[in-house]
Amino acid sequence: MTLRLTCNALSFLLIISLFSCQEEAEPKKRPNILFAISDDQSFLHTGFAGATWINTPAFDRVAREGIYFSNCYAGSPGCAPSRSSIVTGRYHWQNEQAGQHAAGWSDKYVPFVDLLAANEYHTGYTGKGVGPFKYGEPPLRSQNAAGEAYNQVAYKEGGPDDERFAEAIRSTNYSANFRQFMEQREEDTPFFFWYGASEPHRAYEQDSWKRHNKSLESVDVPAFLPDNEEVRGDLLDYAVEIEWFDLHLGRMIEYLEEIGELDNTVIIITADNGMPFPRAKANAYEYGVHVPMAVRFPEKFPGGRKVDNPISFIDLAPTILELTQTSSEGMLPISGKSLVSLLTSEQEGTLLDFREYVIAGRERHSSSRYQNLGYPQRLLRRGDYLFIWNLKPERWPAGAPQRLLSDSTEEMHPLYGIDEEGIHHSDWAFTDIDAAPTKSFIVENRDNPEYTQYFELSVGKRPEYELFNVKKDPNCLTNLATDPEFTGLINELNETMAEVLTKTNDPRVVGPDPELFETYPRYSPMRYFPKPDWAL
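Every chain is numbered independently, its residues counted from 1 as its sequence is written. Whole-chain, interface and lining totals are the exception, using all residues; otherwise, since this is a predicted model, local features are given only for residues with pLDDT of at least 70 and side-chain atom pairs are given and counted only at 80 or more. Side-chain numbers here rest on the full set of heavy atoms in the structure, without hydrogens or water.

## Notes on the pairing of strand 13 (residues 385-390)
Thinking step 1. The element strand 13 is extensively covered by neighbouring structure, given that 5 of its 6 residues are classed as buried.
Thinking step 2. Two strands pair if DSSP finds at least two bridges between them. Numbering of helices and strands starts at the N terminus; helices are DSSP runs of H or I of at least 4 residues and strands are runs of E of at least 2. With 6 bridges connecting them, strand 12 (residues 377-382) and strand 13 associate as antiparallel partners. Pairing of Q377 across the sheet is with N390, part of strand 13.
Thinking step 3. Following strand 12, the chain reverses through 2 residues before pairing antiparallel with strand 13; G383 in that reversal takes a positive phi of roughly 60 degrees.
Thinking step 4. Note that strand 13 and strand 14 (residues 465-469) share 5 bridges and pair antiparallel. By the bridge assignment for strand 14, L386 is matched with F468. Residue exposure (1.4 Å probe, protein chains only): buried if accessible area is under 20% of the type maximum, exposed if over 50%, otherwise partly exposed.

## A closer look at the layout of surface pockets
Thinking step 1. Of the voids in this model, the largest pocket is the one considered here, and its volume is about 480 Å³.
Thinking step 2. Cavity means a closed set of points on a 1 Å grid over the protein atoms alone, one where a 1.4 Å probe fits but cannot get out, pocket means an open set with protein on both sides within 12 Å along at least 5 of 7 lines, and lining means a residue has an atom within 4 Å of a point. As for the largest pocket, its lining consists of 26 residues, of which S70, N71, D308, R381 and G383 are closest to the centre.
Thinking step 3. Ten residues, namely Ala, Val, Leu, Ile, Met, Phe, Trp, Tyr, Cys and Pro, are considered nonpolar, four, namely Asp, Glu, Lys and Arg, are considered charged, and the remaining ones, Gly among them, are considered polar. Residue composition of the lining of the largest pocket, by class: 10 nonpolar, 6 polar and 10 charged.
Thinking step 4. For the lining of the second largest pocket, the residue count by class is 6 nonpolar, 7 polar and 8 charged. Grid points are joined across faces, edges and corners, and a volume is the space filled by probe spheres set on the points.

## Quick word on helix 2 (residues 57-65)
Thinking step 1. All of the buried residues in helix 2 are A58, F59, D60, R61, V62 and A63.
Thinking step 2. Summarising the contacts, the buried residues of helix 2 are in contact with strand 2 (67-69), helix 6 (229-258), strand 6 (265-271) and strand 8 (293-296). Residue contacts follow a heavy-atom distance rule, with two residues in contact if any of their heavy atoms lie within 4.5 Å.

## A look at the state of the cysteines
Thinking step 1. Disulfide: a pair of cysteine sulfur atoms within 2.5 Å of each other. If you walk through the whole model with that rule in mind, you get 0 disulfides.
Thinking step 2. Between C72, a free cysteine, and C79, which holds the nearest cysteine sulfur, the sulfur-to-sulfur gap is 16 Å.
Thinking step 3. Cysteine C476 remains unbridged, with the sulfur of C72 as its closest cysteine sulfur at 16 Å.

## Section: helix 10 (residues 437-444)
Thinking step 1. In terms of burial, helix 10 is a largely internal element, 6 of the 8 residues being buried.
Thinking step 2. For helix 10, every residue scored as buried is listed here: T438, K439, S440, F441, I442 and V443.
Thinking step 3. Buried positions along helix 10 lie against helix 6 and helix 11 (452-459).

## Quick notes on the nonpolar core
One recurring pattern in soluble globular proteins: nonpolar side chains tend to sit buried together.
Thinking step 1. What is meant by a nonpolar core is a set of buried Ala, Val, Leu, Ile, Met, Phe, Trp, Tyr and Cys residues, joined one to another through side-chain atoms within 4.5 Å. Counting 66 residues, the largest nonpolar core has W53, F178, Y195 and L235 as the members making the most contacts within it.
Thinking step 2. Of the residues forming this core, the biggest block, 14 residues, is contributed by helix 6.
Thinking step 3. Contact partners of L235, with chain neighbours within four places excluded, come to W53, V219, D220, V221, P222, M275 and F277.
Thinking step 4. Counting residues in each nonpolar core, the second largest holds 50 residues, with Y109, V291, V295 and L343 among its members.

## Here's the deal with the pairing of strand 1 (residues 32-38)
Remark: a regular strand shows side chains that alternate across the two faces of the sheet.
Thinking step 1. Strand 1 sits mainly inside the fold: 7 of its 7 residues count as buried.
Thinking step 2. Side chains N32, L34, A36 and S38 of strand 1 all project onto a buried face; the interleaved residues I33, F35 and I37 project onto the opposite face, where all are buried too.
Thinking step 3. In this sheet, strand 6 lies alongside strand 1 in parallel orientation, the contact comprising 7 bridges. Residue N32 lies in a different strand from strand 6, and its bridge partner there is T265.
Thinking step 4. Note that strand 1 and strand 5 (residues 191-196) share 5 bridges and pair parallel. Bridging from a neighbouring strand, I37 pairs with G196 of strand 5.

## What about unusual backbone geometry?
Thinking step 1. Cis geometry is adopted by the peptide bond preceding P200, which originates at E199 and carries an omega value of 5 degrees.
Thinking step 2. Mapped onto the elements of the fold, P200 is located in the loop between strand 5 and helix 6.
Thinking step 3. In this structure, P512 follows G511 across a cis peptide bond, with omega equal to 5 degrees.
Thinking step 4. Within the element layout of this structure, P512 appears in the segment after helix 13 (507-510).
Thinking step 5. The phi torsion at C476 lies on the positive side, around 55 degrees, for a residue other than glycine.
Thinking step 6. Along the chain, C476 turns up in the loop between strand 14 and helix 12 (487-503).

## Digging into the sheet that holds strand 10 (residues 311-312)
Thinking step 1. Read across the open sheet, the 3 strands follow the order 7-3-10; overall the sheet is mixed. Looking at strand neighbours, the two that pair on one side only are strand 7 (290-291) and strand 10, the edges of this open sheet.

## Description of the packing of helix 6 against helix 10
Two measures define how a pair of helices packs: the angle their axes make with one another and the distance between the axes.
Thinking step 1. Direction vectors running N to C along helix 6 and helix 10 enclose 160 degrees, while the axes themselves pass 9 Å from each other. On the basis of the axis angle, helix 6 is roughly antiparallel to helix 10. Of the two possible hands of crossing, helix 6 and helix 10 adopt the one that is left-handed. Contact with helix 6, carried on its side by E230, V231 and D234, involves P437, T438 and F441 of helix 10 and no other residues of that element. What counts as an axis is a line fitted to C-alpha atoms, over the stretch in contact for a helix, and the angles between N-to-C directions run from 0 to 180 degrees. Working rule for angles: under 35 degrees goes down as roughly parallel, over 145 as roughly antiparallel, 65 to 115 as roughly perpendicular, anything else as oblique. Left-handed describes a crossing whose near helix is turned anticlockwise from the far helix through less than a right angle; right-handed describes the clockwise counterpart.

## Quick look at the sheet that holds strand 13
Thinking step 1. Taking strand neighbours across the sheet as the criterion, the 4 strands line up as 11-12-13-14 in an open arrangement whose pairing is antiparallel. Sheet topology places strand 11 (357-362) and strand 14 at the edges, where each strand pairs with a single neighbour. Across the sheet, the axes of successive neighbouring strands diverge by a mean angle of 15 degrees, strand direction being ignored.
Thinking step 2. Relative to strand 12, strand 11 runs antiparallel, the two being bridged by 6 bridges. Across the sheet, Y357 pairs through a bridge with R382, a residue of strand 12.
Thinking step 3. Together, strand 11, strand 12, strand 13 and strand 14 form the strand contacts of helix 12, whose direction differs from that of strand 12 by roughly 115 degrees.

## Quick notes on the side chain of T324
Thinking step 1. Relative to the helices and strands, T324 is located in the loop between helix 8 (316-323) and helix 9 (340-344).
Thinking step 2. Counting of polar contacts relies on pairs of N or O atoms within 3.5 Å, with two restrictions inside protein: one atom must be capable of donating a hydrogen and the other of accepting it, and residues adjacent in sequence are counted only when both atoms are side-chain atoms. There is a polar contact of 2.9 Å between the side chain of T324 and the side chain of T326.
Thinking step 3. Beyond its immediate sequence surroundings of up to four residues, T324 is in contact with R30, P31, I33, L116, N119 and Y121.

Nothing here speaks to function; it is geometry throughout.
So, in structure tokens, the structure goes:
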């Protein structure tokens, strides 16, 4: 009797063991990736970061249930080079034309999206992908580097379903296109989806905020902008468009919940660069390159954490490749570092054994200077300090103050773009700043002692080196580079930057043609400017 029970028990244990082995042998389900990127949003402008005048429940949920990265830096303060860094894992200066604004995307710069598709991921995007770039026939890449477009579903102006918050919001129905993308997915196939809203990129419907229960008193105005009703209203119109981005993100999350895919989906949310206001977008200051970032995947990433390590857009490609078990073979060498160790840690704050600094840069943004020249910058953030190298301090950082009428005349628009009636025309001067009520107010009131400082902060020429303690001075108003107390730190940061730029073969540093970035063709409208004094 005892022997029979023992044998039965052994048989039962053997069966259980076999089932356990089979379960362990089954391949684990690879995670989906939902990557959401807004167009022009600075780091402080989410509800989670404390902006009470902006409602971002979807972002806040991901940040609350996941990991909030307090120091995420875009690849550039401009959209195209920044997006280039995301999909290649490389600094934009490593990508030739494929790292510059409105240039051509060479097909040798393979994005990680291609490798995911080859690894049996269902891939696609809605809205703005990796751009603006010129795609076409070889040697240019034919397809957007974010994959196949899903933009067929759109709002019809004035139609019964036209729920858009403001007149200038794009017609693409992002969340409906995501559903269409998912419906075309084969069962049990993992997906990568790029949700690239065009918001809050300008233009805005002026005073759209008045229809959304917002108040001028609630706004936090950055110290580099005038604090008045016009600027506050402009900021609220910006907030309205951030909320549109967040609304569609929330609908995507709800849909994933409905179909049972949310828990197996890594959600990554960020913005391509900072807010479209003077001294922010297209500038190497905090409000130009420091962007929101939150990641959620509760199955593997302990949530409810804030990580303060500086991270870069070049880190996203190796992170996504590791999470999806995809080899980087076929891509050019990646400069970024996977964030998986930060994501899977249970710690918060500043984690050890990770990079202590991030580097980014800028070349040409819009057509804003003589012979389409840019305003090259390189920046390094380490600890509390942001160090900026302005490589061509003789140039106007926001674009030239006066524009030619055309390429075939020497006749010019009025200085600063101010007509005879004192009205500013944004497209006539300082065109690296998007047209905006805030920009026009600053230029039109440049001679008013109350506002002169804002004009100089927005468009004035800058020294070769700038250093800011961004913990004390997030508005980047006090340049410490002229203070002898910081000479040692500047030399140290400059040396670190030089090492990285040399290692990554930045043409501005290693040659053979330091002016290479000025030679690439531009596939967007051109403006023409008189020859500046320094070029005579």
